Amino acid sequence: MTRALSLKTIALGLALTGGSTAALSTVALADGQDFVTIEKGQYLATAGDCISCHTAPGGKPFAGGRGIMTPFGVIYTPNITPDRETGIGAWTADQFVASMQHGVGKDGELLYPAFPYPFYTKVKRDDLVAIKAYLDTLDPVRSEAKPNGLPFPLNIRTALMGWNMLFFTPGEFKPDPAKSEEFNRGAYLVEGLAHCGACHTPKNMLGGDKSDKVLAGGVLDEWTAPNLGGDLRTGLGGWSTADIVEYLKTGRNAKSAASGPMAEVVYYSTQHMTDADLKAMAVYLKERAPSPAVPAPKPVPAEDPVMKAGLAVYQDNCSACHVSNGQGIARLFPDLKGSAVVQADEVETLVRIVVQGTRAAATKTAPTGPGMPAFDWKLNDVQTAALLTYIRNAWGNAAAPVTADQVKSIRGRLTDTAATP
Ligand code: HEC
Ligand code: HEC
Ligand code: HEC
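Here the structure is a predicted model, which is why all the values come from computation and not from measurement. (Residues numbered from 1 in each chain as written. Chains lettered and ligands numbered in written order. Predicted model: local features only at pLDDT ≥ 70, side-chain atom pairs only at ≥ 80, totals over all residues. Heavy atoms only, no water.)

Q: Would you take a moment to explain the site of ligand 1 for this structure?
A: Taken together, 22 residues surround ligand 1, and among them Cys-50, Cys-53, His-54, Tyr-112 and Arg-157 come closest. Separating a nitrogen atom of ligand 1 from a side-chain N or O atom of His-54 is a distance of 2.9 Å. Between an oxygen atom of ligand 1 and a side-chain N or O atom of Arg-157, the distance comes to 2.6 Å. Because more than half of its atoms lie within 2 Å of the grid, ligand 1 is assigned to the second largest pocket. For the shell around ligand 1, the secondary-structure elements that each account for two or more residues are helix H4 (50–53) and helix H5 (93–102). For the shell around ligand 1, the element with the highest residue contribution is H5, accounting for 3 residues. (Near = heavy atom within 4 Å. Polar contact = N/O pair within 3.5 Å; in protein donor to acceptor, adjacent residues only side chain to side chain. 1 Å grid on protein atoms, 1.4 Å probe; cavity = no way out; pocket = protein on both sides within 12 Å on 5 of 7 lines; lining within 4 Å. Sits in = over half its atoms within 2 Å of the grid points. Helix = DSSP H or I, 4+ residues; strand = E, 2+ residues; numbered from the N terminus.)

Shown next as structure tokens:
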């Protein structure tokens, strides 16, 4: 909530005339920038979601210090306020652009790809210069970088040279002349600033994107980011562009609700984007991967004893909200029938949600985020596995059964709580 307030304060600072704006215009004039550039920069910084990574829990916005968990260890974000010593106040526009487009620090040192520069490389120079102009208007905060928790040899930055050679393709976005302007705008945002693939594209052993599986679904921090392709069962095949826009704008729609990391994306970033940009992203997602007919696995039959056990657990614990037909209540309790989250190959989100409970993001247009209680005190690994096997194979759903060992292993890795802004 502190972070939320701060974001609003910044917005207010920009919108109001008065002390803070007077200070802004001085900065603006000194840099030869105008308000249009700064406002554009603020919008783009929001689309790029800089604030969510560059703000420590309860800390000053953009002052860094949030730990980004990677499979290799924790990496702390630096301070990107205009403090000249501990932030980026002394950086030139060129240094900033090089950082965003090539993943290098002020003196050319290589940065870890926990900083999504493999996506930001696609952002046009003008847009990056606008982001820097906006960041320069923030209050400078003194805040030293925290040391990372990376083991040798990953703590040696030159090791990233090999990583970049293997997995990093620098270069600004090139529009596809055969496609509409709207599609290209959506592609520019999704592949670039909005870095949707950072979570939704599966990663290889070294943390590089699997380039043949762009947006096919990934796992991060014991959350499953579903397939954003056109598959009907595990992707967005059943979603219209309007469904996608509503989800990104309000954090929910008639089918689903955003939890965990996606709730943060909606809260800090997409709910503030224009309807035109949200629609462009939706059009790009639908057109780049129109619904292909991928055969579904054979569902576990209803007579299977595990399905029967799962049905009993479901009726006792879940049907009050998600209803016995699995369809829930539009915009309140997500539809589990036909859900990509429910039928995804990876079951991290499912186990996490049942064990820890979850709360949907509260947004401007949908201010009360409905919550789901935790069941860890009530359901053991065997019951949870039967329950999940059931919801993955009831009502026409079809997906591999979940084992008690899978539940146990994911439960054991859940160290943080499902914090939703
Ligand atoms: C997913 C998390 C994440 C997001 C989103 C993110 N960053 Fe970062 N950023 C990082 C991390 C982690 C580092 C540090 C990398 C390292 O130490 O090698 C970093 C480093 C940087 C640096 C280099 C600073 C320095 O002192 O070397 C700049 C500049 C920067 N980010 C700007 C931005 C801007 C602008 C945005 C929004 C458009 C943004 N970042 C969004 C995680 C993120
Ligand atoms: C920080 C990681 C992260 C980023 C970045 C991210 N997502 Fe997500 N996304 C997730 C997770 C995790 C879920 C699953 C949430 C849930 O189960 O409620 C999700 C769910 C979704 C869904 C719902 C899918 C479904 O079938 O229910 C859509 C649509 C979506 N994301 C689109 C996007 C778009 C578009 C972007 C870029 C603007 C994006 N996401 C960026 C992690 C992320
Ligand atoms: C008190 C009402 C309530 C009960 C009981 C409940 N849920 Fe939920 N559930 C919700 C709400 C609200 C959400 C959306 C929250 C969010 O997205 O963060 C949700 C989300 C989910 C999701 C994620 C769906 C998506 O599209 O991202 C799954 C899966 C789920 N519930 C399964 C279950 C199961 C299994 C049970 C029984 C153990 C259960 N729920 C019990 C209210 C409930």
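Q: Could you clarify how one ought to interpret the coordination of the iron atom of ligand 2 in this entry?
A: Note on metal geometry: ideal angles are 109.5 degrees for four donors arranged tetrahedrally and 90 or 180 degrees for six donors arranged octahedrally. Every protein donor of the iron atom of ligand 2 is listed here as His-200 (NE2) and Met-262 (SD), and their distances to the metal cover 2.0 to 2.3 Å. Viewed at the metal, the 6 donor atoms of the iron atom of ligand 2 are separated by angles of 88 to 179°, and the geometry they form is octahedral. Of the two residues, His-200 is situated in helix H10 (residues 197–200) and Met-262 in helix H12 (residues 260–268); the sequence distance between them amounts to 62 residues. Met-262 carries the same exposure label as His-200, and that label is buried. (Donors = N, O, S within 2.8 Å, 3.2 Å for Na, K, Ca; no water. Tetrahedral: all angles 85-135°; square planar, octahedral: opposite > 155°, others 65-115°. Buried < 20%, exposed > 50% of the residue type's maximum accessible area, 1.4 Å probe, protein only.)

Q: Would you mind going over the packing of helix H17 (residues 348–356) against helix H18 (residues 381–393) with me for this structure?
A: In a packed pair of helices, the relevant descriptors are the angle between the two axes and the axis-to-axis distance. Contact geometry of H17 with H18 gives a least axis separation of 11 Å together with a crossing angle of 125°. When the axes of H17 and H18 are compared, the pair comes out oblique. In this structure, H17 crosses over H18, and the sense of that crossing is right-handed. Contacts between H17 and H18 involve Leu-350, Val-351 and Val-354 from the first element and Thr-384, Leu-387, Leu-388, Ile-391 and Arg-392 from the second. Among the residues forming the contact of H17 with H18, the class breakdown is 6 nonpolar, 1 polar and 1 charged. (Axes fitted to C-alpha atoms, helices over the stretch in contact; angles between N-to-C directions. Parallel < 35°, antiparallel > 145°, perpendicular 65-115°, else oblique. Left-handed = near helix turned anticlockwise from the far one by under 90°. Contact = heavy atoms within 4.5 Å. Nonpolar A, V, L, I, M, F, W, Y, C, P; charged D, E, K, R; others polar.)

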